[in-house]
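Chain by chain, the residues:
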Amino acid sequence: MFDLPAPGPVHRPEPPDTVSGRIRTMAAWALCIAFFYLIPLEWASLEWEWTEKGLWRISEDGEESLLLAGLTLLWALFNLAAVLAFLITGIWTSFAHERKGWIRVLPLRDVVYYFAWVECLITAFALLAEFVPEVVRGAVHQHLLPVAPHAIMILVFLFLFRGGFDRYGFRGASPGGWVGMVAAVAGIYGLVYLFLDPLVTEPVARYFSLEPVSWREESISREIGAAQQSGWLPLLSQGLLVGVIGPVGEEIMFRGILQQSLAERIGQPMSVILTSLLFALFHVDVVMFAPLLVLGLILGILRAVFRNLWAPILFHVVNNCVSVFLDLLS
């Protein structure tokens, strides 16, 4: 159950502590905060409507209040300033932090720099998407922009933590180990498929008088349906995003980096609980919050028990791919 840090390569010293280096670290913290601050902003933007059936219907189509619009604008300006400071001081310091070696225990600064780069590149990609030629802007917004955040999560991890993937869970396994992982994933997914909704989703929705309709799942279903009508390329893009790229990016971020970092500091049980809670909040879905929390706990336990990130990735991919397949059938 306890995933001890794997031995890593001999590390080089930290970059020299300079004024520009300290400014860059502060900018990295600012970007990390901006990344997570967007979660409560998105939760605050949800619209709650009391229906004639005496249930709450939650959607994302509500009108933005003046206060929320102001907070969003402040977030955007804060984020842009942090991006510029992070990149300019990075060039000034020759990206010294990114070029250093890795140490046995995952430093908090490396976690912060990971989220800083993710937020920086997501912002840059979103800005660049507004300046592409008009003839391809629609395709970029429809097919590339939705894929970008999760793809960036993967690419930043591959670059920043190169040479030490095994300590974050990307490890090989014996044939028996792979069989055990596949069997565990198949068995647990069968139980989730049969019992998660009747034992968790529906009772929680009834208790809180929630209409058992997830705006997020409805939105994904509409996007898959629209992609199906548009041709095989949009359908493939949407299927890869929901079924593969999304799960891999989220597992790297939550179970690979966050859970690993927390486990080294507060122990594996609390790291599983905290990352599961953050995982559920990250999806901004009131109706699905409880089942997402349960799924997060399952994914975290798979990561801890097998000491391998491939186990939660496999479960997450299977779960999402089955959902895509059922959407296509319906």
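Refer to the structure presented above.
For clarity, every value in this text was computed on a predicted model and none was experimentally measured.

Draft legend 1. Representation of the pairing of strand S1 (residues 47–50) in the model. Looking at chain direction, S1 and strand S2 (residues 56–59) are connected through 4 bridges and run antiparallel. Its bridge partner being in S2, Trp48 is matched across the sheet by Ile58. Hairpin connection from S1 to S2: 5 residues lie between these consecutive antiparallel strands, with Gly54 at a positive phi of about 75 degrees.

Draft legend 2. Region of the structure containing the packing of helix H7 (residues 175–207) against helix H11 (residues 289–306). Axis separation between H7 and H11 bottoms out at 9 Å; the angle between their running directions is 160 degrees. One way to sum up the angle between H7 and H11 is to call them roughly antiparallel. Like other packed secondary-structure pairs, H7 and H11 cross with a definite hand, here right-handed. Listed contacts from H11 to Gly180, Met181, Ala184, Val185, Ile188, Val192, Leu196, Val200, Thr201 and Val204 of H7 are Ala290, Pro291, Val294, Leu295, Ile298, Leu302 and Phe306. Looking at side-chain class alone, the contact of H7 with H11 contains 15 nonpolar, 2 polar and no charged residues.

Draft legend 3. Examining a negative patch on the surface more closely. On the surface, Asp197, Glu202, Glu217 and Glu218 cluster together into a patch of negative charge. The set of elements that each furnish at least two residues to the negative patch consists of H7 and helix H8 (215–230). Relative to the assigned elements, Glu218 resides in helix H8. Glu218 gets classed as partly exposed once you look at its relative accessible area, which sits at 40%.

Draft legend 4. Expanded view of unusual backbone geometry. A positive phi angle is found at Ser209, which is not glycine, with a value near 55 degrees. Its place among the elements puts Ser209 in the loop between H7 and H8. Of the residues examined, Ser209 reaches a relative accessible area of 25% and is grouped as partly exposed. With a phi close to 50 degrees, Arg307 is a non-glycine residue in the positive phi region. Assignment of secondary structure puts Arg307 in the loop between H11 and helix H12 (310–329).

Draft legend 5. Quick peek at the side chain of Glu251. Its place among the elements puts Glu251 in helix H9 (residues 232–266). Take Glu251: its relative accessible area is 0%, and that puts it in the buried class. Leaving out residues up to four positions away in the same chain, Glu251 has contacts with Gly256, Leu299, Leu309, Pro312, Ile313 and His316.

Draft legend 6. Just the packing of H9 against helix H10 (residues 268–282), in detail. Put simply, H9 and H10 touch, their axes get as near as 8 Å, and they point 145 degrees apart. Between H9 and H10 the crossing geometry is right-handed. Every residue of H10 that contacts H9 at Glu250, Met253, Phe254, Arg255, Leu258, Gln259, Leu262, Ala263 and Ile266 is listed here: Gln268, Met270, Ser271, Val272, Leu274, Thr275, Leu278, Phe279 and Phe282. Of the residues in the contact of H9 with H10, the class split is 12 nonpolar, 4 polar and 2 charged.

Draft legend 7. Region of interest: the nonpolar core. Grouped together as the largest cluster of nonpolar side chains are 55 residues, with contacts concentrated most on Phe86, Tyr114, Phe115, Ile252, Met253 and Phe315. Residue contributions to this core peak at 9 residues, all from helix H4 (residues 108–129). Apart from the residues lying within four places of it in its own chain, the contact partners of Met253 are Phe35, Tyr114, Phe115, Met153, Leu258 and Phe282. Counting residues in hydrophobic clusters, the runner-up holds 8 residues, among them Leu46, Ile58, Leu210 and Trp215.

Draft legend 8. Seen up close, the packing of aromatic side chains. Under the criterion given, the structure shown has 23 aromatic pairs. An angle of 45 degrees between the planes, with centres 5.7 Å apart, marks the rings of Phe157 and Phe170 as tilted. Of the two residues, Phe157 sits in helix H6 (residues 148–160) while Phe170 sits in the loop between H6 and H7, which places them 13 residues apart along the sequence. The buried category is assigned to Phe157, whose relative accessible area is 1%. In this arrangement the basic side chain of Arg162 is found over the ring face of Phe159, its NZ or CZ atom lying 4.6 Å from the centre.

What counts and how
- Residues numbered from 1 in each chain as written.
- Predicted model: local features only at pLDDT ≥ 70, side-chain atom pairs only at ≥ 80, totals over all residues.
- Heavy atoms only, no water.
- Pairing = 2+ DSSP bridges.
- Helix = DSSP H or I, 4+ residues; strand = E, 2+ residues; numbered from the N terminus.
- Axes fitted to C-alpha atoms, helices over the stretch in contact; angles between N-to-C directions.
- Parallel < 35°, antiparallel > 145°, perpendicular 65-115°, else oblique.
- Left-handed = near helix turned anticlockwise from the far one by under 90°.
- Contact = heavy atoms within 4.5 Å.
- Nonpolar A, V, L, I, M, F, W, Y, C, P; charged D, E, K, R; others polar.
- Patch = residues over 30% accessible without salt bridge, like charges linked within 9 Å, V, L, I, M, F, W, Y side chains within 5 Å.
- Areas by Shrake-Rupley, 256 points an atom, 1.4 Å probe, with all protein chains shown as cover.
- Salt bridge = Lys/Arg side-chain N within 4 Å of Asp/Glu carboxyl O.
- Lys, Arg positive; Asp, Glu negative; His and termini not counted.
- Charge placed at Lys NZ, Arg CZ, Asp CG, Glu CD.
- Buried < 20%, exposed > 50% of the residue type's maximum accessible area, 1.4 Å probe, protein only.
- Core = buried A, V, L, I, M, F, W, Y, C linked by side-chain atoms within 4.5 Å.
- Phe/Tyr/Trp six-rings, centres within 6.5 Å; stacked < 30°, edge-to-face > 60°.
- Lys NZ or Arg CZ within 6 Å of the ring centre and 35° of its normal.

Functional significance is not addressed by these values, which are geometric in nature.
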